[in-house]
Amino acid sequence: MGDLVTMDDLTNDEILSVLGDANRLLPVAKGTLHLPLLEGKVLANMFFENSTRTRMSFEAAMKRLGGSVLNFSSVGTSVAKGETLFDTMQMIDGYADIAAIRHPRQGAAQYSADSVEIPILNAGDGAGNHPTQTMLDLFTINNSHGSLDGLNVILVGDLRYGRTVHSLSHALVRFGASLTMVSPTSLRMPKEIVSDLRSHGAEVNEAESLQDQIPDADVIYMTRIQKERFPDEDEYAKVAGIYKLRASDLSGVKKAMIVMHPLPRVDEIDPSLDSTDHAKYFEQAFNGVPTRMALLCRSLGVEVPKKVS
Ligand code: CP
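Quick caveat: nothing in here was measured; it's all calculated off a predicted structure. (Residues numbered from 1 in each chain as written. Predicted model: local features only at pLDDT ≥ 70, side-chain atom pairs only at ≥ 80, totals over all residues. Heavy atoms only, no water.)

1. So, the site of the ligand
Around the ligand, the surrounding shell consists of Ser51, Thr52, Arg53, Thr54, Arg102, His130, Gln133, Pro262 and Leu263. Side-chain polar atom of Ser51 to an oxygen atom of the ligand: 2.6 Å apart, as the coordinates give it. If the ligand stood free it would expose 260 Å²; the protein chains cover 91% of that surface. Of the residues in the shell around the ligand, the class split is two nonpolar, five polar and two charged. A domain split of the shell around the ligand shows at least three residues from each of domain 1 (7–130 + 287–299) and domain 2 (131–285). (Near = heavy atom within 4 Å. Polar contact = N/O pair within 3.5 Å; in protein donor to acceptor, adjacent residues only side chain to side chain. Areas by Shrake-Rupley, 256 points an atom, 1.4 Å probe, with all protein chains shown as cover. Nonpolar A, V, L, I, M, F, W, Y, C, P; charged D, E, K, R; others polar. Domains from an automatic or database assignment.)

What follows is the structure, encoded as structure tokens:
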């Protein structure tokens, strides 16, 4: 019950329940209400890869709920001396009540979950999954559109290496979304993911041009080309900067259409878009705090009160 490694670890009802908890926790996330639900609990933030949002929002979430955080990074620890992931996780099992782990190797979160007793939250495993990001993405979509049901979502950019879109596409089709996947040929969504989505009855289209897709979109989800995952710099150079969304591209869009991005952005979204009502990516990043609060409570078996005041 406590681990969250892929979105398969949550039913649709559990997803909606966590989103409800996150909504009630919003004043706590903003610091306007004190609610120490996790007092005495310790989170280990295990980051073997760079992060700004995931790491800091986990820390903010834990601290806003009265808990404390052990921060780990592969720089400045005994990983540099050759300590294995298994041995490192045995230490964390004794030091903390729960761990969020980010690791460059796909499957590392599941391996960690299998290695320890404490709950493991996957904070991104290589080009695999990023389910806590998906939960904050769903929170953002749900709060903007009033529902997760039957939306037309355009996923754009690096769909091959981008773990956020792997997890998000799985979750969205469970709520009846139609997906259009816009990428260069070399960065298409892995075939096995597309087949799996279609086997669940999802409408999935693939395209290379973004412009044609914009007018019908409820959500445009931009992603960064994941430079660090390319085996060859020349291959990256061929696709770098391939998609760029500007405010001027949005004339004629649906009024409620939102533009999302897990961030960091490089050049996929022009700053001209930031001041439009469609831009949701900074709010989306903040939403990591209430959503991760709700996920920490769920994994630690702490009930969020039905009325928070
Ligand atoms: N969205 C996201 O995972 O951002 P970070 O890499 O900064 O954690």
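2. Regarding helix α11 (residues 288–299)
In a regular helix each residue adds 1.5 Å, so 12 residues correspond to 16 Å; α11 covers 16 Å between its end C-alpha atoms and thus fits that length. For α11, the tally of buried residues reaches 12 of 12 residues, placing the bulk of the element in the interior. Along α11, the positions that sit buried rather than exposed are Gly288, Val289, Pro290, Thr291, Arg292, Met293, Ala294, Leu295, Leu296, Cys297, Arg298 and Ser299. Just downstream of α11 lies Gly301, where phi reads positive at about 70 degrees. (Helix = DSSP H or I, 4+ residues; strand = E, 2+ residues; numbered from the N terminus. Expected span 1.5 Å × (residues − 1). Buried < 20%, exposed > 50% of the residue type's maximum accessible area, 1.4 Å probe, protein only.)

3. What about the domain arrangement of the chain?
Often, the extent of an interface is quoted as the loss of accessible area upon association of its parts. Once the domains are mapped, the chain shows domain 1 (7–130 + 287–299) and domain 2 (131–285). The straight-line distance from the C-alpha centre of domain 1 to that of domain 2 is 24 Å. Of the roughly 2,600 Å² buried between domain 1 and domain 2 on both sides combined, carbon and sulfur atoms contribute 57%. Counting the surface domain 1 buries against domain 2, the share from its top three residues, Met7, His130 and Asn287, is 30%. (Buried area = accessible area lost by both parts, 1.4 Å probe.)

4. A closer look at the pattern of salt bridges
Under the counting rule described, the total for this entry stands at 13 salt bridges. The shortest N-O distance in the salt bridge between Asp274 and Arg265 comes to 2.8 Å. Note on Asp274: relative accessible area 27%, which makes it partly exposed. With a relative accessible area of 24%, Arg265 lands in the partly exposed category. Members of the salt-bridge network, linked through shared partners, are Glu49, Arg163 and Arg229. (Salt bridge = Lys/Arg side-chain N within 4 Å of Asp/Glu carboxyl O.)

5. Here we look at the sheet that holds strand β8 (residues 219–222)
Within the open sheet, the five strands sit side by side as β7-β6-β5-β8-β9. Their pairing is parallel. Whereas interior strands pair on both sides, the edge strands pair on one side only; in this sheet they are β7 (203–207) and β9 (258–260). When strand polarity is set aside, the average angle formed by the axes of neighbouring strands in this sheet is 20 degrees. (Pairing = 2+ DSSP bridges. Axes fitted to C-alpha atoms, helices over the stretch in contact; angles between N-to-C directions.)

6. Details of unusual backbone geometry
Cis peptide bonds are those with omega within 30 degrees of zero, and the linkage from Leu263 to Pro264 qualifies with 5 degrees. Topologically, Pro264 is positioned in the loop between β9 and α10 (281–286). With phi around 60 degrees, Leu263 is a residue other than glycine that occupies positive phi space. Note on placement: Leu263 falls in the loop between β9 and α10.

7. Digging into the sheet that holds strand β2 (residues 68–73)
In spatial order, the strands read β2-β1-β3-β4; together these four strands make up an open sheet with parallel pairing. For this open sheet the edge positions go to β2 and β4 (120–125), each flanked by a neighbour on one side alone. Neighbour-to-neighbour, the strand axes of this sheet turn through a mean angle of 15 degrees, independent of strand direction. Relative to β4, strand β3 (residues 98–103) is paired through four bridges, and the arrangement is parallel. By the bridge assignment for β4, Ala100 is matched with Leu121.

8. A few points about the pairing of β7
Here strand β6 (residues 178–182) pairs with β7 via five bridges, running parallel. Opposite Thr180, over in β7, you have Asn205 as the bridge partner. For the crossover that starts at β6, traverses helix α8 (residues 191–199) and ends in the parallel β7, the hand is right-handed. (Right-handed = clockwise from strand over helix to strand, strands pointing away.)

9. Description of helix α6 (residues 131–145)
Spanning 15 residues, α6 covers 21 Å between terminal C-alpha atoms, matching the ideal 21 Å at 1.5 Å per step. The set of residues buried in α6 consists of Pro131, Thr132, Gln133, Thr134, Met135, Leu136, Asp137, Leu138, Phe139, Thr140, Ile141 and Asn142. Positive phi shows up at Gly146, right after α6, with a value of about 80 degrees.

10. Description of the packing of α6 against α11
The N-to-C vectors of α6 and α11 enclose an angle of 120 degrees; their axes lie 9 Å apart at closest approach. Between α6 and α11, the angle falls in the class oblique. In the crossing of α6 with α11, the sense of the turn from one axis to the other is right-handed. Residues Thr132, Gln133, Met135, Leu136 and Phe139 of α6 pack against Gly288, Pro290, Thr291, Arg292 and Leu295 of α11. A breakdown of the residues in the contact of α6 with α11 according to their chemical character gives five nonpolar, four polar and one charged. (Parallel < 35°, antiparallel > 145°, perpendicular 65-115°, else oblique. Left-handed = near helix turned anticlockwise from the far one by under 90°. Contact = heavy atoms within 4.5 Å.)

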